[in-house]
Amino acid sequence: MGATSAAMGHVVLMNDSPAQFALTHYSQNLWRDLVGFLPADVEFEQRGTLWIAADDEEMEEVRRKHEAFGAAGVAAEILDSDALADAEPHLRRPMAGALLVPSDVVVDPTRAAAWLMEEAVRAGATLYAPRKVVSAGAGRVRLEDGGELNAEHIVIACGAESRTLVPALPIRKRKGHLAITGRRPGLVRRQLVELGYLKTAHTVTADSVAFNVQPRRSGEIIVGSSRQFGDEETAVNPAILSAMLERAKLYVPVLADCRLVRSWTGFRAATPDKLPLIGPWPPDTTMLLATGHEGLGITTSLGTGRLIADQVMGAKPEISAEPYWPARLFAEAAGQEAEKLMEGR
Ligand SMILES: Cc1cc2nc3c(=O)[nH]c(=O)nc-3n(C[C@H](O)[C@H](O)[C@H](O)COP(=O)(O)OP(=O)(O)OC[C@H]3O[C@@H](n4cnc5c(N)ncnc54)[C@H](O)[C@@H]3O)c2cc1C
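Remember, it's a predicted structure, so these values are computed and weren't measured experimentally.

## Topic: the site of the ligand
Move 1: Inspection of the region around the ligand gives 27 residues, with Ala3, Thr4, Val133, Glu294 and Thr299 positioned closest.
Move 2: Residue His10 places a main-chain N or O atom 2.9 Å away from a nitrogen atom belonging to the ligand.
Move 3: Between the ligand and the protein, one listed contact pairs an oxygen atom with a backbone N or O atom of Ile298 at 3.0 Å.
Move 4: When residues of the shell around the ligand are traced back to their parent elements, those giving at least two are β10 (172-181) and β14 (260-270).
Move 5: A per-class count over the shell around the ligand returns twelve nonpolar, eleven polar and four charged.

## Focus: the sheet that holds β10
Move 1: Across the sheet, eight strands lie side by side as β3-β4-β2-β11-β12-β13-β10-β14; this open sheet has mixed pairing. Looking at the sheet topology across the chains shown, the edges are occupied by β3 (77-80) and β14. Between one strand axis and the next, the sheet turns by 25° as a mean value, whatever way the strands run.

## Brief notes about the pairing of strand β12 (residues 208-215)
Looking along a regular strand, one sees the side chains alternate between the two faces of the sheet.
Move 1: Here β12 lies mainly inside the structure; seven of its eight residues are buried.
Move 2: In the sheet, β12 pairs with strand β13 (residues 221-229) via six bridges, with the strands oriented antiparallel. Directly across from Ser208, in β13, lies its bridge partner Arg227.
Move 3: Counted along the chain from β12 to the antiparallel partner β13, the turn is five residues long, and its residue Gly219 has a positive phi close to 100°.

## Observations concerning the environment of Pro323
Move 1: Tracing the sequence through the fold places Pro323 in the loop between α7 (301-313) and α8 (327-342).
Move 2: We classify Pro323 as partly exposed; its relative accessible area is 27%.
Move 3: Placed 80 residues apart in sequence, Pro323 and Ala243 show a C-alpha to C-alpha distance of 35 Å.
Move 4: The contact partners of Pro323, leaving out residues within four places of it in the chain, are Ala19, Leu275 and Arg328.

## Quick look at helix α1 (residues 18-33)
Move 1: Its 16 residues give α1 an end-to-end C-alpha distance of 23 Å, which sits within 8% of 22 Å, the value for a rise of 1.5 Å per residue.
Move 2: In this structure, the buried side of α1 is in contact with β1 (10-11), α2 (56-71), β5 (105-106), α4 (109-122), β15 (277-281) and α7.

## Comments concerning the sheet that holds β15
Move 1: Pairing in this open sheet of three strands is mixed, and the strands run β9-β16-β15 from one edge to the other. Two strands bound the open sheet, and with one partner strand each, they are β9 (154-156) and β15. Looking at each pair of strands side by side, their axes are set apart by 20° on average, direction ignored.
Move 2: The sheet contacts of α7 involve β9, β15 and β16 (284-291), and relative to β16 the element is tilted by about 170°.

Conventions used here
Residues numbered from 1 in each chain as written. Predicted model: local features only at pLDDT ≥ 70, side-chain atom pairs only at ≥ 80, totals over all residues. Heavy atoms only, no water. Near = heavy atom within 4 Å. Polar contact = N/O pair within 3.5 Å; in protein donor to acceptor, adjacent residues only side chain to side chain. Helix = DSSP H or I, 4+ residues; strand = E, 2+ residues; numbered from the N terminus. Nonpolar A, V, L, I, M, F, W, Y, C, P; charged D, E, K, R; others polar. Pairing = 2+ DSSP bridges. Axes fitted to C-alpha atoms, helices over the stretch in contact; angles between N-to-C directions. Buried < 20%, exposed > 50% of the residue type's maximum accessible area, 1.4 Å probe, protein only. Contact = heavy atoms within 4.5 Å. Expected span 1.5 Å × (residues − 1).

This is the structure:
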């Protein structure tokens, strides 16, 4: 019911920081491990990503990314202007080139989440949704209907709403818009993302729109995306939507002829250092956080789940868990929150 149902479902390797790369890489491999099990309607497709460079400056970034991925053992290929035009005939010409990362994947995030939940229930989990939690802490969870649950471990995984249960969390809502076209099979072949996106999407200040499109198995094309702080209304903002669509048409002019079927918004849970909060919450030994995934929470969902499971089971994680530990960001704020909890909030 949150960001997951609003997301694009691009399971993408990102390398803004070593910790971000480690989690996206680990998680993408976990997605791949599920291939034989995922139902067809999850629409797992290894589309690959084309990171598009519009100019020479962005081509420099293509080379930097290529080198970094190469050093990490990830296959990636630099396409020059002509090779890119062959790969995606509907892109505006000329573009400077692109980086092709063939291993990136596309899924339907809503169906994937539903299936994972169904699997958990089949394995013995009890689902209380849609009942809401009104408070959590000290091994106790209270539900809106007055019910109460006790547990050794409580995992807060409420996305951008996590602050309603843990007010001290340094999470801000970052609104995003997406739209979907009618069916135009083959118009776009891979997930296409402008490299300018890296200049705007990962800054933490101004509103931004960037070209990012995804072909769906149905032939529909999801068009994104935008990033905004300070607007917590779910309504589509016509100015942002229009700026986003204009940006898309700049890259794929023929999109101007495509019927727009629907547009919507969702809220990413942004942290100040652009890494998620996964692991123990220092002042309350019963609490674990699994939130703050901003624009990468579909990609990193499975890695997050494994890190949390390892923590609960006392198992050694396959990647270092420390970079995502919440303690890094809010030791002081958490202390104040702990005092409130002890007072029986
Ligand atoms: C427009 C957009 C596009 C995106 N595209 C991508 C993409 O292509 N790839 C990618 O990797 N990521 C993408 N993301 C990011 C991704 O969607 C999120 O990081 C991810 O979905 C977060 O998952 P979550 O489970 O933490 O939160 P959510 O999906 O928001 O889930 C939180 C859940 O907690 C429930 N909840 C909240 N409060 C309570 C309460 N008090 N009691 C009980 N339940 C509660 C909510 O109902 C909801 O079901 C995108 C996000 C947006 C907004």
